[in-house]
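As a plain string of letters, each chain reads:
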Amino acid sequence: MNKKMNRPYKWQGSKLLAITLMVLVPALSMAQDQSFSELIQSARDAGIEQSRLADLQSRTAGNGITDQQLAGIIGPAIALAEQNLPSEMIFQKAMEGIAKGIPTERLQPVLQNLQRSTISTVAIVDPWVARSDVAQMMRRSGEQVGNQAFRNELLKAGSKAMAGNVSPESLQGLFEAIGQEITLSRSKPSGIVAAVNIFPDLPSTARQPEASGAAIAKALQSGFEAGDMQKLPGAMNAAQRRSQLPAAAVIEGIAGQMVQGTLAAQILQNLFNGNIGGGPPGSSTPGLGDRPGQGGPGGYGVP
């Protein structure tokens, strides 16, 4: 295996902070330094589609939202677009908040947090996408996706994860896991984007991000494609609920099924049925037979 390919990336916190400040500070002062009409023109100049702006303005019309408040909503999107970063998720989140009647004073910090998360994700995604083995994976996959589009989709997925309280270190660990030679050799761009998207939604990520990253990488190696990945969080939650076992046990059961060569669709069905080990109904995988508090050999009870 190529050691260079699997070498951990160093987390450059000072560089990330500098990038964040360079982009965030102008965004926070933009609404104060420009009139609303100038702000709209800045958005157009940054490449934001006029239809996006018109839709947002029509949604806010009649809601008592002032031009200054609307400027505070648009500002983070402009700051991202001016740095060649995707801004669609800002508009999507803004639309969701407006539809739910969330006050702008509560909505604006959410959008600013999403902006910060996107900036933080750049330091992880851009070096990863620039790797030669990632480029080979894209060519081999046969999927018609450009490098810029792939990068933007990963940035959106990564920013969602960080906005959902996934740490930069945990997200970096995920990219290291899916960047392994064996994983890339069996993956497609769409599957990798889906993998990053589901990372914050797995029940094991909050407490065991490394285990979640390893499980996602193993799933890609085992033939999970984008559609399968999107179903995995729901399947794991269902399995945990029906089996009353902790998330670590569910991950162990999934790994066991993958080792057995079980197809992705069958693994998902087994999980939805609460059949973590993948054997006949009522059977259990060694080490998974004891529910919390029962404390049997190999179980998860109190010793």
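Residues numbered from 1 in each chain as written. Predicted model: local features only at pLDDT ≥ 70, side-chain atom pairs only at ≥ 80, totals over all residues. Heavy atoms only, no water.

1. As for the overall build of the chain
- On a plain count of helices and strands, the chain comes out with 15 helices and zero strands.
- For the chain, the residues scored as buried account for 45% of the 303 residues in total.
- Once local pairs closer than 6 in sequence are excluded, the contacts in the chain between residues at least 24 apart make up 71%.
- Accessible area for the chain stands at about 15000 Å²; split by element, carbon and sulfur atoms hold 50% of it. (Helix = DSSP H or I, 4+ residues; strand = E, 2+ residues; numbered from the N terminus. Buried < 20%, exposed > 50% of the residue type's maximum accessible area, 1.4 Å probe, protein only. Contact = heavy atoms within 4.5 Å. Areas by Shrake-Rupley, 256 points an atom, 1.4 Å probe, with all protein chains shown as cover.)

2. Things to note about the packing of helix H6 (residues 104-129) against helix H9 (residues 168-178)
- Look at H6 against H9: their axes get within 10 Å of each other, and the N-to-C directions meet at 15°. Between H6 and H9, the angle falls in the class roughly parallel. The element H6 and its partner H9 pack so that their crossing is right-handed. Two secondary-structure elements touch here, H6 through Thr121, Ile124, Val125 and Trp128 and H9 through Pro168, Leu171, Gln172, Phe175 and Ile178.
- In the contact of H6 with H9, the residues fall into seven nonpolar, two polar and no charged. (Axes fitted to C-alpha atoms, helices over the stretch in contact; angles between N-to-C directions. Parallel < 35°, antiparallel > 145°, perpendicular 65-115°, else oblique. Left-handed = near helix turned anticlockwise from the far one by under 90°. Nonpolar A, V, L, I, M, F, W, Y, C, P; charged D, E, K, R; others polar.)

3. Points about the packing of aromatic side chains
- Applying the stated criterion to the full structure yields two aromatic pairs.
- Seen in terms of ring centroids, Trp128 and Phe150 are 6.5 Å apart; in terms of plane orientation they differ by 50°. Their pairing is tilted. Taken together, the residues Trp128 in helix H6 and Phe150 in helix H8 (residues 147-163) connect sequence positions 22 residues apart. For the pair formed by Trp128 and Phe150, the shared burial category is buried.
- Here Trp128 and Phe175 contribute two aromatic rings whose centre-to-centre distance is 5.3 Å and whose plane-to-plane angle is 75°, an arrangement assigned as edge-to-face. (Phe/Tyr/Trp six-rings, centres within 6.5 Å; stacked < 30°, edge-to-face > 60°.)

4. Here's the deal with the packing of helix H2 (residues 36-45) against helix H4 (residues 67-82)
- It is the contact of H2 with H4, at a shortest axis distance of 9 Å, that shows an interaxial angle of 25°. Of the possible angle classes, the one that applies to H2 and H4 is roughly parallel. In terms of crossing hand, the pair formed by H2 and H4 is left-handed. Contacts from Phe36, Leu39, Ile40, Ser42 and Ala43 of H2 reach H4 at Asp67, Leu70, Ala71, Ile74, Ile78 and Glu82.
- Considered class by class, the residues forming the contact of H2 with H4 number eight nonpolar, one polar and two charged.

5. What about the side chain of Ser212?
- With respect to the secondary-structure elements, Ser212 resides in helix H12 (residues 209-221).
- Contact partners of Ser212, with chain neighbours within four places excluded, come to Phe199, Leu202, Ser204, Thr205 and Ile251.

6. Quick notes on the environment of Leu70
- Tracing the backbone shows Leu70 in helix H4.
- Once the C-alpha coordinates of Leu70 and Thr104 are considered, the two residues, 34 residues apart in sequence, prove to be 8.2 Å apart.
- Sequence-distant contacts of Leu70, that is, excluding residues within four places in its chain, are made with Phe36, Leu56, Gln57, Thr60 and Ile65.

7. Re the side chain of Arg131
- As for its position among the elements, Arg131 is in the loop between H6 and helix H7 (132-141).
- A distance of 2.8 Å separates the side chain of Arg131 from the backbone oxygen of Gly179, its partner in a polar contact. (Polar contact = N/O pair within 3.5 Å; in protein donor to acceptor, adjacent residues only side chain to side chain.)

8. Observations regarding the confidence of the model for the chain
- Across the chain, pLDDT averages 83, with 81% of residues at or above 70.
- Within the chain, the element-level pLDDT minimum falls on helix H1 (residues 13-33), averaging 45, and the maximum on helix H11 (residues 189-198), averaging 98.
- Predicted confidence is poor over residues 1-32, with pLDDT under 50, and the contacts of this stretch with residues over four places away or in other chains come to 48 contacts.
- Counting interchain partners and residues more than four positions distant, the pLDDT-below-50 stretch residues 281-303 has 37 contacts. (pLDDT = per-residue confidence, 0-100.)

9. Side note on the environment of Lys160
- Among the secondary structure elements, Lys160 is positioned in helix H8.
- Looking at Lys160, the relative accessible area reads 36%, which means it is partly exposed.
- Each C-alpha atom, one on Lys160 and one on Thr121, is 9.6 Å from the other, the two residues being 39 residues apart in sequence.

10. Topic: H6
- For H6, spanning 26 residues, the distance from its first C-alpha to its last is 35 Å, which sits close to the expected 38 Å at 1.5 Å a residue.
- The largest bend in H6 comes to about 35°, at Val122. (Expected span 1.5 Å × (residues − 1). Bend = angle between axes of the 7 residues up to and from the residue.)

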